Amino acid sequence: MRRGLHRLRTRAELLVVAALVFGAAIGAVPGGPAPDARDVIAIVDPTADITRDIAAHSDIDVRWAERGLVVGEVAPGTSLPAAWNARVVARRPGNLELGLLRGSDVAHTVAQMARSKAAAAAVLMTVARVPAVAGEAWILFAPPGTWPEDLIGCHGGLVLAGHHLDPRTIFESAPPAALGAPHAWSAQARAVIAAVAAETLQANVNALGLDSSGQPANRYVFGAPLATVYGPWVEHTMQRLTAGIPGAAVSRQPFDMRRCVGDSVTNGTNCFQTASAYNVVARIPGTVPGTGIFVVCAHLDATGSRNVPWSYATGNGLERATPGAEDNASGVACVLEMLRNTAEGVRTGSVAFAFDLEFVAFSGEEVPALASEQGLVGSEQYVLKRTAEGVRFLGCFNFDMVGYNHLPDNLQIVYNPASHWMANLVRDAVLAQAPPRLVPVLEIDEQRASDHNSFWARGVPAVLSADAPVDSLRRYSTYHHPTDVVAAVVASKLAQTTRALLGALLRFDTVAPHPPQLLFAPEELRLLRPIGGSDFTYRAGFHILHPGTPLRARTTVRSVGNTYAGPLRIELATVGGGAPRRVFFDSSATVDVPPGGFIQVDHLVPILTGDAGTLQVEARVTSVDTTGVSSVQSSQQGYNVAADVLAPGAIVVRVKPNPVRDLASAKIEVDVERHANYDLDIFDLEGQRLAGWSGDVEPRSSGGVSVSFPLSQLARPGTALNLRSGAYIVRVRRHGAAVESASTTVPLVIVR
């Protein structure tokens, strides 16, 4: 904790000094709080019940909400419910605006702000950092109107915190009912996925990244070739791929956007000149009219705006190459390949969808901030137009910057809370590919990073596929440079990425019957830390664990095919930290799980003396398919236990020896400090009480002692303890007027 506070203070001082060096005099922070100063509070890991309470609480103004974090403001001294675990992280003076910095290096951002004329006189304070699912969030203050556009624009890491947000939006929603329940792939669907070809993807990248003479292309958002060469090529390719499908159509959607010409950086010459552009849309109708639309998209335009000579030339109306091979010929190539395989499957009857599919190449994504746009113009116009026509969007897959392999085999799957189910489908489709395969990384994000944000802004679930974390993409040396050329694009990675998103889409194919299947996804093993009657997701470094403190494991198994009726076995164990492997839960049962249904199991994870260090909870799920073949799926979650420190009031219990081979010699030891009532019980793994003892225990010395209870004496009166080989649970409860009530469990393994 101290180490973290030292880092925070160091970075905060760095930023304040940097702001002063850059001449910050306007809007300086006064010595005391302004009359309308507000306390900034952070609430980490709020439960659904807590977010409902926050939304209904009149004293808090929620400024930011994401999964795992709510940031709000209250009047100084406001009392909030203890169950929220809210902490005041800063006091905002009334003359400063609140912003959040997400996923970026703070010092780097300060340097960027200093280069912005709008922020040259700003005072920037880094007042706090708080943990969140998406990484650290830094809370920043600055005078109103001084946040530079290059930081809050299309690819910015700075978020202007809004007002009066509903924190309930941080919880994930289920797939739209119109999509139906996701299911296992049919043999025909697997063949469609396997048909994705790296050779075709490479040809697409070459067609978009090179001109007719083989030189780097110019797909600048305001350049003539985008509309006269590359847009028509995409249109003709889409027409060829959809030929022969009844009702399929390819169209252009025109729109206007603003641009700057001349030396706009210094004098703003012609900064509001209108330019025309268009999106290219290929539509494949579904089998049930009116079901809705699922979108697969990427942006076609490119820019070299980070190269000064290129920017100067194009700002004065000259044509300069900007091939945008990674950003974003790679994404458009994937859209076209996904269209090719989907269209062929629909044409041959191998696959079908109840909903309409629209494959879109957007323009206007790279409109610069100096044009008073923040990018994403084409996708915003598309969503507005289709919404006005009364269509219902079901979801969107967006490809943007997927061709580089600087992070070997990494596939970033970026989502917001409402889109988590889509991210899971993409991840599962990646893991289903034969090795060597990509490494899927789920990243929750709220930035205007690409065209998927136009869908997020209207409540439509969407995910972005990229080859690196969002804040890392713009750090590529070729990002928004004319040096973003086709030679660096890896076609095999494009093929794997396309198969993943195509596989996720084909989970909603309606042609073939779908066999029963149970899915245990890696993140469906969750560790929960009960605090004050509420469950919080355990997070290493934030929740401190000691022997005796409660920790629970929650395992969720979902049905992704037709109704599963058969055996299901769930096993949990703790592993590592020098401790022996301890199996502490095992469930075997015959279950009946309908499509889209799930089975959830919660169980206590015992934190024992000697468990110091890093340990793992491992879950194994075994099911049997219709042919009698067993399927085993597993996942692990790590947790850290502090060394040699017990939680206040904790019960320390040991079974000696463990495993037990001779019941007559085994005993249970309990550390007793004061007189209290103790209950000792032995349960099997189905929860049946097999033996026990209850009574008063008095320590024989004032310093406390360890009291032993022979295992054989815990049998019921008139019976002998006869435990067969297997795993059991020992539960010890303490209660009494002079002590704090507590309970703990330890595993017991019998080997006969």
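Residue positions are counted from 1 within each chain, in the order its sequence is given. Given that the model is predicted, a residue must reach a pLDDT of at least 70 before its local features are reported, and side-chain atom pairs must reach 80 or more before they are shown or counted; all residues, however, enter totals for whole chains, interfaces and linings. Neither water nor hydrogens contribute to the side-chain values; these are computed over all heavy atoms in the structure.

Quick word on the side chain of His-480
Put simply, DSSP H or I for four residues or longer makes a helix, DSSP E for two residues or longer makes a strand, and each gets a number counted from the N terminus. Note that His-480 resides in the loop between helix 14 (470-473) and helix 15 (491-505). Separated by 3.3 Å, the side chains of His-480 and Asp-327 make a polar contact. Any pair of N or O atoms that falls within 3.5 Å is considered a polar contact. Within protein, one atom must be able to donate a hydrogen and the other to accept it, and sequence-neighbouring residues count only if both atoms are side-chain atoms. Of note is the side chain of His-480, whose polar atom sits 3.1 Å from the side chain of Glu-366.

So, the pattern of salt bridges
Think of a salt bridge as a Lys or Arg side-chain nitrogen and an Asp or Glu carboxyl oxygen that are within 4 Å of each other. Enumeration over the complete set of coordinates arrives at 22 salt bridges. Note that Glu-571 is salt-bridged to Arg-620, the shortest N-O span being 4.0 Å. Here the residue Glu-571 occupies a position in strand 21 (residues 564-576), and Arg-620 occupies one in strand 24 (residues 613-624), the gap between them amounting to 49 residues. The cut-offs for exposure are 20% and 50% of the maximum accessible area for each residue type, with area from a 1.4 Å probe on protein chains only; residues under the lower value are buried, those over the upper are exposed, and the others partly exposed. For Arg-620, a relative accessible area of 33% gives the class partly exposed. One salt bridge in this structure joins Glu-669 and Arg-654, with 3.1 Å as the shortest N-O distance. Of this pair, Glu-669 sits in strand 27 (residues 667-672) while Arg-654 sits in strand 26 (residues 653-656); the two residues are 15 residues apart in sequence, bridging distant segments of the chain. Overall, Glu-669 belongs to the buried group, its relative accessible area being 9%. A relative accessible area of 23% means that Arg-654 is categorised as partly exposed. Salt bridges here are not isolated pairs; linked through shared partners, they connect Arg-654, Lys-656, Lys-667, Glu-669 and Asp-671.

Quick notes on the sheet that holds strand 32 (residues 742-750)
Across the sheet, 4 strands lie side by side as 29-28-31-32; this open sheet has antiparallel pairing. Of all strands in the sheet, those bounded by a partner on one side alone are strand 29 (689-697) and strand 32. Averaged over all adjacent pairs, the angle separating strand axes in this sheet is 15°, with direction ignored. Note on pairing: two strands pair once DSSP finds at least 2 bridges between them. Where strand 28 (residues 676-683) and strand 29 come together, 8 bridges link them in antiparallel fashion. Bridged to Ile-682 within strand 29 is Ala-691. Convention adopted: a line fitted to C-alpha atoms gives each axis, helices being fitted over their contacting stretch, and angles between N-to-C directions are expressed from 0 to 180 degrees.

Just geometry here; none of it tells us what the structure is for.
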